[in-house]
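As a plain string of letters, each chain reads:
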Amino acid sequence: MNMQSLKDIAEEAKKKAVKKWKEGVEFLSLKELMGMSIPPNQWKIDQIVPLEGITIISAPPASYKTWLILQMAIDIAQGKPFLGKFPSSLGKVLMIDEENHKRLIQKRLKALGAHEDSPIHVLSKENFVATEERMTKGILEYCDEHGIDTIFIDSLVRINRSDENDAGNMSTVFRALSGLCDAKKTVIITHHERKENGARSSAANRMRGSSDIQAAVDSHLAISRDRDDPSHLYVEHAKSREELEIPMFEIVVHTETDRTWFEHLGSYDMGKKKKDEAKEVIPTVLRERTEGVAKTKLVAEVRKLVDVGGKNVQKAIEELINEGLVRTEKGSGNTVVCFLAEPEAESSTELVN
């Protein structure tokens, strides 16, 4: 058999492969697409966890992300609103936990008030790997046998053997997870965030690993703890593929002996918090600099002391000026110099009284 014959055979094989692929997929004209009756987007947990989609929950260590997915599991299993705020769709749950031992899972579920008859199933420390087809098939068979429609996974780094910084590897992992969604399962998975040394970055950039992780998921919730009060958590809805992200909200964690619960405190303006932090520092800086500080230099000095953006520092200065706590004078050129305002002297009437 000569080389030309081999090339012809190879070319014919390619054509057959293309034809087979085309026969198995659906091409649509725009008219056909527009004429289709496609159901609206649905939620497993209203506004934050899409039905039959992938939701990722990212956070630094010790930020209650595992506690929160356990609370989600309990609320879904009971058909109760998550945090008493977000309605959930009743269903049976599987917890795949490659982070924690059964003892700790049991302890936390008890602390959260889970009833032993709740339809929650647990797979702990069994070396589940998402890209192992036999394992994902085994998960789906178990879910179908027990009527489970929601799968929690803790955590992403524990259920794959790939380099999380490699986009190709992560794409393979999320194709496997999407296969669970194709089988009508809702997937919620936890992931870690990078350590930050400087100013706070976006939730997408804080999440560890390839940017393909953020691109692959349908919803992303990022959790952070208050530095001064660790019982307060802030939840940022960093991505929602089909709907608008909801505003950041605050949660407080209540703990008593053998009992833990979460309270939803409503929307939270992180910018306002940052501005208030700056307002506390500015008078201290000016008190030590009686000669005054140029406004631009004051912004830079405050930013060295607290993790606050320049715009929020400027807003803080303006508020202090409006409140009469900071005064300004014109310096050389176009410079504006800031001083700590002196308290107004009490009037003679006030002294008499």
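Note that the coordinates shown come from a computational prediction; the quantities given were computed from them, not determined experimentally. (Residues numbered from 1 in each chain as written. Predicted model: local features only at pLDDT ≥ 70, side-chain atom pairs only at ≥ 80, totals over all residues. Heavy atoms only, no water.)

Some details on the packing of helix α10 (residues 295–305) against helix α11 (residues 310–322)
Part 1 of the reasoning: Close contact between α10 and α11 brings their axes to 10 Å; oriented N to C, the two are set at 120°. As the angle between them shows, α10 and α11 are arranged oblique. Considering the relative orientation of α10 and α11, their crossing is right-handed. Where α10 abuts α11, its residues K295, L298, V299, V302 and R303 lie against G310, V313, Q314, I317 and E318.
Part 2 of the reasoning: Here the contact of α10 with α11 is composed, by residue class, of five nonpolar, two polar and three charged. (Axes fitted to C-alpha atoms, helices over the stretch in contact; angles between N-to-C directions. Helix = DSSP H or I, 4+ residues; strand = E, 2+ residues; numbered from the N terminus. Parallel < 35°, antiparallel > 145°, perpendicular 65-115°, else oblique. Left-handed = near helix turned anticlockwise from the far one by under 90°. Contact = heavy atoms within 4.5 Å. Nonpolar A, V, L, I, M, F, W, Y, C, P; charged D, E, K, R; others polar.)

A look at the pattern of salt bridges
Pairing is possible between side chains of opposite charge, provided their charged atoms come close.
Part 1 of the reasoning: On inspection of all chains with the given rule, the structure shows 18 salt bridges.
Part 2 of the reasoning: Measuring nitrogen to oxygen at the nearest pair gives 3.1 Å for the salt bridge that ties D149 to K44. One end of the pair, D149, is in strand β6 (residues 148–154); the other, K44, is in strand β1 (residues 43–45), with 105 residues separating them in the sequence.
Part 3 of the reasoning: According to the relative accessible area criterion, D149 is partly exposed, its value standing at 23%.
Part 4 of the reasoning: Its relative accessible area of 1% is what places K44 among the buried residues.
Part 5 of the reasoning: One salt bridge in this structure joins E132 and R161, with 3.1 Å as the shortest N-O distance. (Salt bridge = Lys/Arg side-chain N within 4 Å of Asp/Glu carboxyl O. Buried < 20%, exposed > 50% of the residue type's maximum accessible area, 1.4 Å probe, protein only.)

Thoughts on the nonpolar core
Part 1 of the reasoning: Counting 36 residues, the largest nonpolar core has I48, M72, F152 and F262 as its most contacted members.
Part 2 of the reasoning: Here this core takes nine residues from helix α3 (residues 65–78), the largest share from any one element.
Part 3 of the reasoning: For M72, the residues in contact, after removing those within four places along its chain, are I45, I48, V49, I57, F82, F152, I188 and L221.
Part 4 of the reasoning: Core analysis: the second largest hydrophobic core is formed by 28 residues, F128, M135, L140 and L180 among them. (Core = buried A, V, L, I, M, F, W, Y, C linked by side-chain atoms within 4.5 Å.)

As for the sheet that holds strand β13 (residues 326–330)
Part 1 of the reasoning: The sheet built from three strands is open, its strands ordered β12-β14-β13 with antiparallel pairing. The two strands at the open ends of the sheet, each matched to only one other strand, are β12 (293–294) and β13.
Part 2 of the reasoning: Two elements, β13 and strand β14 (residues 336–340), share five bridges in a ladder whose sense is antiparallel. The partner of V326 across the bridge, within β14, is L340. (Pairing = 2+ DSSP bridges.)

Structural notes on the pairing of β6
Part 1 of the reasoning: With respect to burial, β6 is a largely interior element, six of its seven residues being buried.
Part 2 of the reasoning: For β6 and strand β7 (residues 186–192), the ladder comprises four bridges, and the chain directions are parallel. Each residue of the ladder has a partner; that of T150, found in β7, is T186.
Part 3 of the reasoning: Since β6 and β7 lie parallel, the crossover through helix α6 (residues 167–182) that links them has a hand, and here it is right-handed. (Right-handed = clockwise from strand over helix to strand, strands pointing away.)

Observations regarding the confidence of the model for the protein
Part 1 of the reasoning: Taken residue by residue, the protein gives an average pLDDT of 90. The fraction at 70 or more is 94%.
Part 2 of the reasoning: The model gives residues 345–353 a pLDDT under 50, and that stretch makes one contact with residues more than four places away or in other chains. (pLDDT = per-residue confidence, 0-100.)

Re the side chain of T260
Part 1 of the reasoning: With respect to the helices and strands, the residue T260 is situated in strand β11 (residues 259–267).
Part 2 of the reasoning: Since its relative accessible area comes to 7%, T260 is described here as buried.
Part 3 of the reasoning: Beyond its immediate stretch of four places on either side in the chain, T260 contacts W67, A111, L112, V253, H254 and T255.

Thoughts on α3
Part 1 of the reasoning: Between its terminal C-alpha atoms α3 stretches 20 Å, which fits the 20 Å expected from 14 residues at 1.5 Å a residue.
Part 2 of the reasoning: Counting buried positions along α3 gives 13 out of 14 residues, so the element sits mostly inside the fold. (Expected span 1.5 Å × (residues − 1).)

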